[in-house]
Amino acid sequence: MKVRVHGRRRHYRTVDFDARTNEVVLIEQRKLPHYFEFTRTRTVQQTARAITNMTVRGAGAIGATAAFGLAQAACAFTGKTEPAFARHLLRAYDTLAASRPTAVDLVNAMNKVRAAMNGDHTIAQQQRFALQAARQFADDDVAHCQAIGRHGVKLIKNGMRVLTHCNAGWLAFVDVGSATAPLYAAQAKGKSFHVFCDETRPRSQGAALTAWELAQQGVSHEVIADNAAGHLMQRGEIDLVIVGSDRTLGRTGEVTNKIGTYTKAVLAARHRIPFYVAIPLSTIDWNLKSGLEIPIEEREDEEVLSAWGVDVRGRFLQVRVANPASAACNPAFDVTPPDLITGIITPRGIFGPKELWRERKRLNG
Ligand code: MRU
């Protein structure tokens, strides 16, 4: 991603690793769009906390962060014996796996790191392989998003108005994004189009993050309240919907994504508007047999009861919106059934949701 900071455009990644200091380097997403800052995590516990508190968020980005977190734990080991190293790694794996439950990229990424360490190797070799595998996961994440862009670009026609939900862009991955990849590829081809960003309460990833990215990239866009999409669809003002996913079931084609995605898919079907989901291969879960088995994260009441922003002096504020005596129900994700999905844009092509299982050899990467 190219970000304009103090008048200069520079390239950044959402997640990176500093091998010199054994730190994971993250864009501090909780401060965007008001401040563009980086933060560093020194231990695997700090890395897991950064995932839980959404300093870093988005399926691909937390996958890469967990991969680097596991490598970070491996490299921090100073003991001598193999069994102690194995116990240390397992503790780190469990800590990271528990940091957020819904996105499967997180465990898929760590399993890649673990697989790279397998075999008859010294501890020093395993530490090196862990870091190489984490870097490879991050590079693959970028390459997958670019390939999604190449396949998805044909869906974006001149003059289109595209709706997206939450943030499935640069910041949700190491770079490029999934739902945004076809948009950025279309922009590079000189196509003109307009994007509606769902605000995406309660954390407002659409209003804060997607809108910031599109502004940085010079893409025409407007933020809409979450409740506005149905009205715009009814008036013929939305031509296409593209969203990301945190876990797509390879066996059934069910798509888990940010809460509110299912509502938009129902609306799109009602108005016969194509509804696409863009995913890298690390988002596919080949094991679960039903969407009902997907662990849906429940987050704190506070997110629904409050709102966050900056005041006119740029100071961060939390303000109470809801009745202070009320509790809240805050499921962070929902599951969209395959019959509401027009197609899944993957790095290997666009498939119907029910075709994923048949194509599993091509998609199992
Ligand atoms: O709670 P978040 O902000 O991590 O949720 C992110 C989303 O729901 C994205 O749409 C999703 O991760 C798909 S794009 C990686």
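Residues numbered from 1 in each chain as written. Predicted model: local features only at pLDDT ≥ 70, side-chain atom pairs only at ≥ 80, totals over all residues. Heavy atoms only, no water.

**Q** I'm lost on the sheet that holds strand β9 (residues 240-243) in this one. Help?
**A** Within a beta sheet, neighbouring strands are joined by backbone hydrogen bonds and run either parallel or antiparallel to one another. Read across the sheet, seven strands follow the order β8-β7-β6-β9-β12-β17-β18 without closing on themselves; strand pairing throughout is mixed. Of all strands in the sheet, those with a lone pairing partner are β8 (221-224) and β18 (349-351), marking the two edges. The sheet shows a mean angle of 25° between the axes of neighbouring strands, direction not considered. Relative to strand β17 (residues 343-346), strand β12 (residues 275-278) runs parallel, the two being bridged by three bridges. Bridge pairing in β17 links Ala278 to Ile345. Of the strands in this sheet, β6 (160-164), β7 (193-198), β9 and β17 are in contact with helix α6 (residues 181-188), which crosses β7 at around 155°. Together, β6, β7 and β8 form the strand contacts of helix α7 (residues 205-217), whose direction differs from that of β7 by roughly 160°. (Pairing = 2+ DSSP bridges. Helix = DSSP H or I, 4+ residues; strand = E, 2+ residues; numbered from the N terminus. Axes fitted to C-alpha atoms, helices over the stretch in contact; angles between N-to-C directions. Contact = heavy atoms within 4.5 Å.)

**Q** How should the layout of surface pockets be read in this particular structure?
**A** A water-sized probe, rolled over the atoms, reveals where empty space remains. A volume near 590 Å³ is recorded for the largest pocket. Surrounding the largest pocket, 23 residues form its lining, Gln29, Arg30, Leu32, Arg203 and Trp308 being those nearest its centre. Looking at the lining of the largest pocket, the elements that each hand over two or more residues are α7, α10 (301-305) and β14 (306-310). Counted by class, the lining of the largest pocket contains nine nonpolar, six polar and eight charged residues. When residues of the lining of the largest pocket are assigned to domains, at least three fall in each of domain 1 (2-146) and domain 2 (152-363). (1 Å grid on protein atoms, 1.4 Å probe; cavity = no way out; pocket = protein on both sides within 12 Å on 5 of 7 lines; lining within 4 Å. Points joined across faces, edges and corners; volume = space filled by probe spheres on them. Nonpolar A, V, L, I, M, F, W, Y, C, P; charged D, E, K, R; others polar. Domains from an automatic or database assignment.)

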